[in-house]
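Reading the structure
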Amino acid sequence: MHWLVALMSVAILALILIGLVLEFRPQLATRARPWFKPAIGTQLVAFVGAQLGLLVFGINDVLATEMVSEPGAAAGELSIGMGLAIIGAGIPTGLSTIGAGIAVGPIGAASLAAITEKPENLGRTLIYLGLAEGIAIYGLVISILLLNRI
């Protein structure tokens, strides 16, 4: 199983290195397509190829793992219901942080524009940014409360 992690790490590193090479040497990308930039296309081909290799070569190792059918046979093993409960407890944090990110973007841009014109509005804009960030904290609190119930 360690080679699967290594293959995934190589895929991500190849994605980063190809992006850096094509960013600093754009003449290496000779065939430009009209619907995407060559750097993005090359990165996608490298990443999808590595993922397909991971799927093809790693499926046997994943299927070869032994599943325990008795509910109390292995210590520390989670049941499907407990796993779904933990995922369900994490969903409020994920969705609230996405919502906070969507809210903070325009508010931050508008507050920077307002501070540029009138620097004395800094306190008001920080309050608005804090209210938008509060959305993520509410989701975190709900997730903590749900985890205490599990």
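Preceding this section is the structure that the text describes.
Attention here is on the structure that accompanies the text. The residue count restarts for each chain, going from 1 along the sequence in the order it is written. Restriction of local features to residues with pLDDT of at least 70 applies here, the model being predicted, together with a cutoff of 80 or more for giving and counting side-chain atom pairs; totals for whole chains, interfaces and linings are based on all residues. Where side-chain values are given, they derive from all heavy atoms of the structure, hydrogens and water being excluded.

Quick look at the overall build of the protein now. In terms of regular secondary structure, the protein is built from four helices and zero strands. Ordered by position in the sequence, the α and β elements of the protein form the string α-α-α-α. Each of the 150 residues in the protein was classed as buried or not, and the buried ones make up 14%. In what follows, residue pairs with any heavy atoms lying within 4.5 Å of each other are defined as contacts. Sequence-distant contacts, at least 24 apart, represent 72% of the contacts inside the protein between residues at least 6 apart. If you sum the accessible surface of the protein, you get close to 11,400 Å²; carbon and sulfur atoms cover 72% of it. Per the convention used, a helix needs a DSSP run of H or I reaching at least four residues, while a strand needs a run of E reaching at least two, with both numbered from the N terminus. Exposed residues in this analysis have more than 50% of their type's maximum accessible area, buried residues have under 20%, and partly exposed residues fall in between, with area computed by a 1.4 Å probe over protein chains only. Note on areas: these come from Shrake-Rupley sampling with a 1.4 Å probe, and a residue is covered only by the protein chains present in the view.

To continue, consider a nonpolar patch on the surface. Patches draw on residues past 30% relative accessible area with no salt bridge. Two like charges within 9 Å are joined, as are two nonpolar side chains (Val, Leu, Ile, Met, Phe, Trp, Tyr) within 5 Å. A pairing counts as a salt bridge when a side-chain nitrogen of Lys or Arg comes within 4 Å of a carboxyl oxygen of Asp or Glu. A contiguous nonpolar patch, built from Ile80, Leu84, Ile87, Ile91, Leu95, Ile98 and Ile102 and spanning about 780 Å² of accessible area, is present on the exposed surface. Looking at the secondary structure, you find Ile98 in helix 3 (residues 80-117). Since its relative accessible area comes to 52%, Ile98 is described here as exposed.

A word on the packing of helix 3 against helix 4 (residues 122-149). Two packed helices can be described by the angle between their axes and the distance between those axes. Between N-to-C directions, angles span 0 to 180 degrees; the directions come from axes that are lines fitted to C-alpha atoms, helices contributing only their stretch in contact. Two elements in contact, helix 3 and helix 4, have axes whose closest approach is 8 Å; the angle formed by their N-to-C orientations is 175 degrees. Looking at the two axes, helix 3 sits roughly antiparallel to helix 4. Counted by class, the contact of helix 3 with helix 4 contains 18 nonpolar, ten polar and one charged residues. For classification purposes, angles smaller than 35 degrees are called roughly parallel, those larger than 145 roughly antiparallel, those between 65 and 115 roughly perpendicular, and all remaining angles oblique. Residues are grouped as follows: Ala, Val, Leu, Ile, Met, Phe, Trp, Tyr, Cys and Pro are nonpolar; Asp, Glu, Lys and Arg are charged; all remaining types, including Gly, are polar.

What follows covers the side chain of Ser111. Among the secondary structure elements, Ser111 is positioned in helix 3. Residue Ser111 is classed as buried on the basis of its relative accessible area of 7%. Sequence-distant contacts of Ser111, that is, excluding residues within four places in its chain, are made with Thr125 and Leu129.

A few words on the side chain of Ser96. Structurally, Ser96 can be placed in helix 3. Using a relative accessible area of 10% as the deciding quantity, one classes Ser96 as buried. A polar atom in the side chain of Ser96 sits 2.9 Å from the backbone oxygen of Pro92. If we ignore the near neighbours within four places in the chain, the residues touching Ser96 are Ile135, Ala136, Gly139 and Leu140. Definition of a polar contact: a pair of N or O atoms within 3.5 Å, with one able to donate and the other able to accept a hydrogen when the atoms are protein atoms, and with sequence-neighbouring residues admitted only if both atoms are side-chain atoms.

Here we take up helix 4. Here a helix's expected span is defined as the number of its residues, less one, multiplied by 1.5 Å. Its 28 residues place the ends of helix 4 41 Å apart at the C-alpha level, agreeing with the 40 Å of an ideal helix rising 1.5 Å per residue. Along its length, helix 4 reaches its greatest deviation from straightness, about 25 degrees, at Glu133. Of all the residues in helix 4, the buried ones are Thr125, Ala132, Gly134, Ala136, Gly139 and Ser143. Lining the buried residues of helix 4 we find helix 3. At any given residue, the bend is defined as the angle formed between two axes, one fitted to the seven residues that end at that position and one fitted to the seven that begin there.

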